[in-house]
Amino acid sequence: MTASPIRPDGRRPGPARRPVRDVVFVDGVRTPFGKAGEAGYYHGTRADDLVVKCLRDLLRRNPSLPPERIEEVAVAATTQSGDQGLTIGRSAALLAGLPRSVPGYAIDRMCAGAMTAVTTVAGAIAFGACEVAIAGGVEHMGHHPIGAGADPNPRFLSERLVDPAALNMGSTAENLHDRFPAITRERADRYAAASQAKLAAAYAAGHIQPDLVPVATRRSGEGWALRTVDEPPRPGTTVADLAGLRTPFRAHGRVTAGNAAGLNDGATAALLASADAAGELGLAVRMRLVSFAFAGVEPEVMGLGPVPSTEKALAQAGLDIGDIGLIEINEAFAVQVLSFLDHFGLADDDPRVNRYGGAIAVGHPLASSGVRLMTQLARQFGQDPTVRYGLTTMCVGLGMGGTVVWENPHHPDYGKDGWA
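Residues numbered from 1 in each chain as written. Predicted model: local features only at pLDDT ≥ 70, side-chain atom pairs only at ≥ 80, totals over all residues. Heavy atoms only, no water.

Peer 1: Hey, could you run me through helix 6 (residues 185-204) in this one?
Peer 2: Owing to its 3.6 residues per turn, the α-helix brings residues three or four apart onto one side. The end-to-end C-alpha distance of helix 6 is 29 Å, a good match for the 28 Å that 20 residues give at a rise of 1.5 Å each. Packing partners of the buried residues in helix 6 comprise helix 5 (169-179), helix 7 (239-243), helix 10 (334-343) and helix 11 (359-362). (Helix = DSSP H or I, 4+ residues; strand = E, 2+ residues; numbered from the N terminus. Expected span 1.5 Å × (residues − 1). Contact = heavy atoms within 4.5 Å.)

In structure tokens:
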């Protein structure tokens, strides 16, 4: 057997990379997001039933897909117990009436849970392990408050492995303000008010409603109600309104309930397939996955995570930020988004960023949010064929970031770079 030729750096090259199959985003849906707690939409609704609503609606919207062709269901939840436990990908698939031959599993990467569910099944599709899969996430923060039941190892603090602030997301946001003093509270409030205004405009234009799954809920003493719109938004919010809010994470701090995402309940689900299977089954192609990456940062400045993950994903794709025409970044905190924009030299009001507003307005049910970003990007791709590439990105608890780069099939140069 002849040895591989030696490269100039003295190392032998590895085997040629096996070709992978193109993975496409077919469709995405979500429930309206609710406020966590007894007064919220879903206090009397189970988390797994929210997932079931999404799974059934994906099938309804894609009638050419035989249910038995679905080969995997991956559902993320940050707190995998109670009504969002029991290997929820499998249990929700059974509850939704999918064939018993369809397997499923649960996954957790905190806020990037649904994003990781998508990238995980995408890897399986690209490798050839399956052709069609569903990925999504759920978080019922009313039933499972953030951190409930968690038991952080005392070594984190006793051995100073992480800063104590790393275990409190609001404190990590205050740390970002410390690190970047140019990101003032007034600037964060201005960004937050703009998010509310953009979401209200998107609702008025009918851009949000097509991907919402109506959910019938029942609460004691109130009877039945049909939830068809998000509960958290506060349209008409002004910077003056936000200026009067208290700073719960630090006295005289800069992070408030108005410039951060709230505590929310909701579920999402996306249908992904190989490009070949989508063509065979007559499924629409709304996006093609180009690359994805996850990266870690210091846990005490968790919000910086999207910076290295985006740099890594762009490098893998052979692109730079100037090639990206649309950006959907999760708004866990305004300061986190602004630090990302500053790093890449983007203006606070860059028209490419969160055209429909973001989590500050619409809510952030932790593990579900990644697919919301993707669904909104897919709809914007359909509206704007001049944009070829877009990305979805988010920060993740304990100091991580995740980014997925997508290509718009409506662009005239789609597939001409050898990827498709």
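Peer 1: How do you make sense of the state of the cysteines when you look at a structure like this?
Peer 2: Linking two cysteines covalently through their sulfur atoms gives a disulfide. Applying the stated criterion across every chain yields a total of zero disulfides. Cys54 takes part in no disulfide bond, and the closest cysteine sulfur to it belongs to Cys111, at a distance of 18 Å. Among the residues examined, Cys54 registers a relative accessible area of 0% and is labelled buried. Residue Cys395 stays outside any disulfide, its sulfur separated by 6.1 Å from that of Cys111, the closest cysteine. (Disulfide = S-S within 2.5 Å. Buried < 20%, exposed > 50% of the residue type's maximum accessible area, 1.4 Å probe, protein only.)

Peer 1: I would appreciate a short explanation of the side chain of Arg388 in the present structure.
Peer 2: As for its position among the elements, Arg388 is in the loop between helix 12 (369-383) and strand 11 (389-396). Given the relative accessible area of 18%, Arg388 is considered buried. Among the polar contacts listed, one links the side chain of Arg388 to the backbone oxygen of Asp413, at a separation of 2.9 Å. (Polar contact = N/O pair within 3.5 Å; in protein donor to acceptor, adjacent residues only side chain to side chain.)

Peer 1: Any chance you could explain the pattern of salt bridges here in plain terms?
Peer 2: Where side chains of opposite charge bring their charged atoms close, a pairing between them can arise. Using the criterion set out here, one finds 23 salt bridges in the structure. Among the salt bridges present, the one from Arg61 reaches Asp27, with a minimum N-O distance of 2.8 Å. In this pair, Arg61 sits in helix 1 (residues 47-61) while Asp27 sits in strand 1 (residues 23-30), placing the two residues 34 residues apart along the sequence. Each member of the salt-bridge network shares a partner with another, and the members are Asp27, Arg61, Asp211, Arg286 and Arg379. (Salt bridge = Lys/Arg side-chain N within 4 Å of Asp/Glu carboxyl O.)

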